[in-house]
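Geometric and topological summary
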Amino acid sequence: MTWSEMQPLLEQACWDTLYMVGWSTLIAVVGGLPLGILLVLTDRDGLLQNVVANKVIGQIVNIARSMPFIILMVALMTFTRWVTGTTIGREAAIVPLAIGAIPFFARLVETAVREVDGGLVEAVQAMGGNTWTVVRKVLVPESLPSLIASTTTTIVALIGYSAMAGTVGAGGLGDIAIRYGFQRFETELMWITVAILAVVISLIQAAGDFAARSLHHRGGRSGPAPRLRLLKAATATSKAV
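Small disclaimer: the values here were computed from a predicted structure and weren't measured. (Residues numbered from 1 in each chain as written. Predicted model: local features only at pLDDT ≥ 70, side-chain atom pairs only at ≥ 80, totals over all residues. Heavy atoms only, no water.)

1. Some points on the nonpolar core
One finds Met20, Phe69, Ala93, Leu97, Ala165, Ile176 and Leu189 to be the most contacted residues of the largest nonpolar core, which totals 24 residues. Among the elements of the structure, helix 1 (3-41), helix 3 (69-75), helix 5 (90-114), helix 8 (144-165), helix 9 (173-182) and helix 10 (187-218) are those that each provide at least two residues to this core. Sorting elements by how many residues they give to this core places helix 1 first, with six residues. With residues up to four places along the chain from it excluded, the contact list for Leu97 reads Met20, Ser24, Phe69, Leu158, Tyr161 and Ser162. (Core = buried A, V, L, I, M, F, W, Y, C linked by side-chain atoms within 4.5 Å. Buried < 20%, exposed > 50% of the residue type's maximum accessible area, 1.4 Å probe, protein only. Helix = DSSP H or I, 4+ residues; strand = E, 2+ residues; numbered from the N terminus. Contact = heavy atoms within 4.5 Å.)

2. Thoughts on a nonpolar patch on the surface
Taken together, the side chains of Trp23, Leu26, Ile27 and Val30 make up a nonpolar region of the molecular surface, amounting to roughly 380 Å² of accessible area. The residue Val30 is located in helix 1 in this model. Val30 gets classed as exposed once you look at its relative accessible area, which sits at 57%. (Patch = residues over 30% accessible without salt bridge, like charges linked within 9 Å, V, L, I, M, F, W, Y side chains within 5 Å. Areas by Shrake-Rupley, 256 points an atom, 1.4 Å probe, with all protein chains shown as cover. Salt bridge = Lys/Arg side-chain N within 4 Å of Asp/Glu carboxyl O.)

3. Observations regarding the environment of Glu142
Looking at where Glu142 falls in the secondary structure, it is placed in helix 7 (residues 131-142). The exposure class assigned to Glu142 is buried, which follows from its relative accessible area of 3%. Considering only alpha carbons, one finds Glu142 and Glu115, 27 residues apart in sequence, at a separation of 8.9 Å.

Encoded structure:
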C-alpha cells in the first residue's frame, strides 16, 4: 500500500479517534466529577456523611472499574443500540467509552479532592459557608491542578480504549491497525498507526502536565495563594450571609 492510499485512511481514522475520545472525555468529566466529590462528601467525617450511601456508590464504582473494557462493550450492546440505534461506528463506541471512563475518573477526582487541606474547609464553614460554598470555593479550586492531571490520565486511557473499540467496528486508529495492518498484512501501516498513537499520547500528556504545573505555580497547595483564595471565599460568604 502506497502513502497516497494510506493518507486518507489515516486522516479519517485520526479524526474518528479524536471524536470518540473528545466526547467520551466530556461525558466522563461531567459524570465523574460530581460522583468523585460525592464520594468524599459522604465518607466518614465528610460534610454530607452517609456511610450507607458512600458504600453503595463506592461498590458501584469499583464494579464498573473492574470490568475489562472489551467485556463492557459487549455487555452494553443492547443499551448502546437503544441510545444510538447501532452497535458499530464511532457514535456507538462513545457509549461504552464514556460509561467505562466515568468511574475511572471519579476515583481520580476522589483522590485529588481528599488532598485538599481540611483547614481551608473548616475556615469557610466557620464563616458560614454551606456545603455548596465549600465545594465551589475550596474543594474544586484547590484540587484543580490534580484534576487537570486526572483528566489527562483519563484521556490517555480513553485513547487506548478507543483503539480496542476499533476491533469491533468502532472505527479510528485501532480499526485501521486491525483491518489493514493485521488482517491484510500491511505491517508498515500498522506501525505508522502505532507511531501516531504514541505521538498523540505524548502531546496530550505534555499539554496536561504543562497545564497542571502552571496552575500549581499560580497557586497550588502551598504559599500565599490558598490563603488569598480562602479570604476571597470567606468575604463572598460573609456578604451572602
